[in-house]
Amino acid sequence: MPTGKLAKWQILLSEFDIVYVTQKVVKGEALAYHFAENLVGGEYEPLKTYFLDEEVSFIGEDITEAYDNWRMLFVGAANFKGVGIGAVLVSETGQHYLVSAKLRFPRTTNMAEDEACILGLNMVVDMNIQELLLIGDSDFLVHQVQGEWATKNSKIFPYLHHVQELKRRFTKIEF
């Protein structure tokens, strides 16, 4: 018999054919889905016009400080509705380049983060940028790429291998 508040709500809601599903991933989800739903097109406006509420657009970390090289921010999110990935490349002069996608196949959150990083790195490689600061909220990916953590999940190996291959194309890359 289920116990606890969540179990109680599940039982109460089941009477009305409502299924309660716990939200496992919230961090970064809003941004990833925003990128996926607002692809760059003919009517694209700068990113700041989409977020009118400063509290919504604040990510909790000041990344506006001067940095001499290119920066790339990436995020991936997966839940029961799907997977969204995105990356923003910021030039030395502050110009922003956005790439995003909504994946139509199931992935875990770690796989979504890896996909987002690969998507952004492919854009950086295509632009022939040699020095890069990579910013992401996935400690899992960063520590694996730097060789600090071992990868035990066989489904993650292809992603890690691909990121390592892309990493070799840079003269300087920081995570």
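Let me begin by describing the structure that accompanies this report. (Residues numbered from 1 in each chain as written. Predicted model: local features only at pLDDT ≥ 70, side-chain atom pairs only at ≥ 80, totals over all residues. Heavy atoms only, no water.)

**Regarding the sheet that holds strand E2 (residues 82–90)**
Then step 1. Taken together, the five strands give an open sheet; going across it, the order is E3-E2-E1-E4-E5, and neighbouring strands pair in mixed fashion. Both edges of this open sheet fall to strand E3 (96–103) and strand E5 (172–174), since each of them pairs with a single strand only. Geometrically, the sheet is characterised by an average inter-axis angle of 15 degrees between neighbouring strands, direction not taken into account.
Then step 2. Relative to E5, strand E4 (residues 131–136) is paired through three bridges, and the arrangement is parallel. For Leu132, the partnering residue across the bridge sits in E5 and is Ile173.
Then step 3. Strands strand E1 (70–79), E2, E3, E4 and E5 of the sheet are contacted by helix H4 (residues 109–126), whose axis makes an angle of about 150 degrees with E1. (Pairing = 2+ DSSP bridges. Helix = DSSP H or I, 4+ residues; strand = E, 2+ residues; numbered from the N terminus. Axes fitted to C-alpha atoms, helices over the stretch in contact; angles between N-to-C directions. Contact = heavy atoms within 4.5 Å.)

**Describing the pairing of E1**
Then step 1. Summarising burial for E1: ten of the ten residues are buried, a large majority.
Then step 2. Of the two faces of E1, both are covered, the one formed by Trp70, Met72, Phe74, Gly76 and Ala78 as well as the one formed by Arg71, Leu73, Val75, Ala77 and Asn79.
Then step 3. With five bridges connecting them, E1 and E4 associate as parallel partners. Bridge assignment links Trp70 to a residue of E4, and that residue is Leu132.
Then step 4. With nine bridges connecting them, E1 and E2 associate as antiparallel partners. (Buried < 20%, exposed > 50% of the residue type's maximum accessible area, 1.4 Å probe, protein only.)

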